[in-house]
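Below are the chains, spelled out letter by letter.
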Amino acid sequence: MRAVSPELLRQLDVSGPRYTSYPTADRFVEASALDNHVRALEQRRAGTAVMGLPLSLYVHIPFCASLCYFCACNKIITNNPARAELYLRYLGREVDLYVARVGAGQAVSQLHLGGGTPTYFSDDALRSLMAMLRRSFDLAPGGEYSIEVDPRTVDEARLAVLAGMGFNRLSFGIQDFDPAVQKAVHRIQGTEQVFSLVQAARDLGFKSINVDLIYGLPQQTPDSFDRTLAQVALLRPDRIALYAYAHLPERFKPQRRIAIAELPPANAKLGMFSNALAIFEEAGYVYVGMDHFALPDDALAVAKRQGRLHRNFQGYSTQPDCDLVGLGVSAIGRIGAIYSQNAKTLDDYYDHLNQGRLPVERGLALSRDDLLRRTVIMALMCQGTLQFEPIELAYLIDFRSYFAQELEALRPRVEQGLVTISDTGIDVTASGWFFVRAIAMVFDRYLQADRSRAQFSKII
């Protein structure tokens, strides 16, 4: 990173997808989405080989007790617990519909509860949810079972309850420790509180603890964020997710409460990113890729080292690429070559389930070209290397001919020292790994066709 010039940082500070999928979710359409999804589930049940592979589950819990102004998630601000109780009942209906399609007792190796604020649910509600999932699926021993935690909603006793339910991984939303920044984004939480919770989670035996940070928030400066970074280095979580704030008030209504004049300028954001890389490197963290850091002995860092890193709708994962069932409002899933997304509003979500059908409203059936490009993009983003021959054999193409335009478009990245291209493949350099989104974007047929990047966050 020290070899990357400020000028190169500015050149690469462009908007682009995060590639938790390819094609990206903005390409989903309504036409035939539910029919395609149901057909994919039926094909999974009919295929004995596929049926033996474990599922991944994502459950979206949209409720929050208070509004964070930076938030771009699908959430509902409420202090009415009856709404959560009703939602839990409808989740049960959705699970029953899946069990009817794929059969009971499907093995699950990965479960993630996201939101919103999953810990908005009471302990009893979370117990009911986990009991329902265990009745319907077989949560395999040694799997990854994670939950996102707002530090303001838990104490040591609640963490013990989560451990007793079988969760073995936690993700704490910190964003920034600075009081002025917390006030500006309407999310005030004490530093001592977070340190105490992380220590309690360690004492309870959670396998991996992640913290989320955001740079580019209002009132942030490189100096103030350096103080947060130093505190996080002392906290020493197993994993760190460092996200760039994307100010898109036209798309996300809560962001309209943020004063544009309080946002740090672009050069300050670049300084925060650069300083974070240096501070976390000095603290012993491995840059896994795409804003993620991990301690060398964490499973994510080990998977990267061994070439076993994967990527799905939740981000980087150690789990093999497998079918993903998304449960809850707006949840995204993937079965085979079919992507799907549930209804985005509670009323529509409930209406689908009241009519006895899965609440899928949008999706995409991947074409052969989509599958090919997904393979290329994921190889670059997960392994940082791509060999032509295996792809040519799998898809019956001549790589250099099929991707002639893309290889030519990569030439500036070669000159910038981000990638190397040989007769046998493409390799991302050590410097290029920090900008792998910019490299992957070259192979995105949809993005290159319309250049509609305004809806995406900056890659730095």
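Below is a short write-up of the structure. Computed from a predicted structure; not experimentally measured.

Describing the pattern of salt bridges
One pass over the structure, following the stated rule, counts 17 salt bridges. One salt bridge in this structure joins arginine 152 and aspartate 150, with 2.8 Å as the shortest N-O distance. A residue is classified by how much of its surface remains accessible, and aspartate 150, at 7% relative accessible area, is buried. Through salt bridges with shared partners, a single ionic network connects Asp369, Asp370, Arg373, Glu406 and Arg445.

Side note on unusual backbone geometry
In this structure, the amide linkage connecting tyrosine 22 to the following residue, proline 23, adopts the cis form with an omega of -10 degrees. Looking along the chain, the bond that leaves glycine 115 and enters glycine 116 is cis, with omega of 25 degrees. Following the sequence through the fold, glycine 116 ends up in the loop between strand 4 (106-115) and helix 5 (123-136). Despite not being glycine, glutamine 219 shows a phi value in the positive range, around 75 degrees. By relative accessible area, which is 38% here, glutamine 219 ends up partly exposed. For arginine 236, which is not a glycine, the phi torsion comes out positive at approximately 55 degrees. Structurally, arginine 236 can be placed in the loop between helix 9 (222-235) and strand 8 (239-244). With a relative accessible area of 36%, arginine 236 lands in the partly exposed category.

Remarks on the sheet that holds strand 19 (residues 425-428)
The strand order across the open sheet formed by three strands is 17-19-18, and the pairing between neighbours is antiparallel. Each edge of the open sheet is held by one strand with a lone partner, namely strand 17 (385-387) and strand 18 (419-421). Across the sheet, the axes of successive neighbouring strands diverge by a mean angle of 10 degrees, strand direction being ignored. Of the strand pairs in this sheet, strand 18 and strand 19 are connected by three bridges, and their pairing is antiparallel. Among the inter-strand pairings, threonine 420 is bridged to a residue of strand 19, identified as aspartate 427. The strands touched by helix 14 (residues 388-395) are strand 17 and strand 19; relative to strand 17, the strand with the most contacts, the crossing angle is about 55 degrees.

Considerations on the packing of aromatic side chains
Under the definition given, this model contains 18 aromatic pairs. On the numbers, 5.9 Å between centres and 50 degrees between planes, the contact of tyrosine 349 with tyrosine 350 is tilted. We classify tyrosine 349 as buried; its relative accessible area is 0%. Site record: aromatic cluster; members linked through ring pairs are Phe63, Tyr87, Tyr90, Tyr120, Tyr349 and Tyr350. Its end group placed over the ring of tyrosine 316, arginine 311 keeps NZ or CZ at 4.5 Å from the ring centre. Positioned above the aromatic ring of tyrosine 446 is the side chain of arginine 445, whose terminal nitrogen or guanidinium carbon lies 4.6 Å from the ring centre.

Digging into the pairing of strand 8
With five of six residues buried, strand 8 lies mostly within the body of the structure. Judged from the six bridges that link them, strand 7 (residues 208-215) and strand 8 form a sheet pairing that is parallel. Bridge pairing in strand 8 places tyrosine 215 opposite alanine 244. With helix 9 bridging strand 7 and its parallel neighbour strand 8, the resulting β-α-β unit is right-handed. Bridging between strand 8 and strand 10 (residues 292-294) involves three bridges; their strand directions are antiparallel. The residue of strand 10 that forms the bridge with alanine 241 is histidine 292.

The rules we used
- Residues numbered from 1 in each chain as written.
- Predicted model: local features only at pLDDT ≥ 70, side-chain atom pairs only at ≥ 80, totals over all residues.
- Heavy atoms only, no water.
- Salt bridge = Lys/Arg side-chain N within 4 Å of Asp/Glu carboxyl O.
- Buried < 20%, exposed > 50% of the residue type's maximum accessible area, 1.4 Å probe, protein only.
- Helix = DSSP H or I, 4+ residues; strand = E, 2+ residues; numbered from the N terminus.
- Pairing = 2+ DSSP bridges.
- Axes fitted to C-alpha atoms, helices over the stretch in contact; angles between N-to-C directions.
- Contact = heavy atoms within 4.5 Å.
- Phe/Tyr/Trp six-rings, centres within 6.5 Å; stacked < 30°, edge-to-face > 60°.
- Lys NZ or Arg CZ within 6 Å of the ring centre and 35° of its normal.
- Right-handed = clockwise from strand over helix to strand, strands pointing away.

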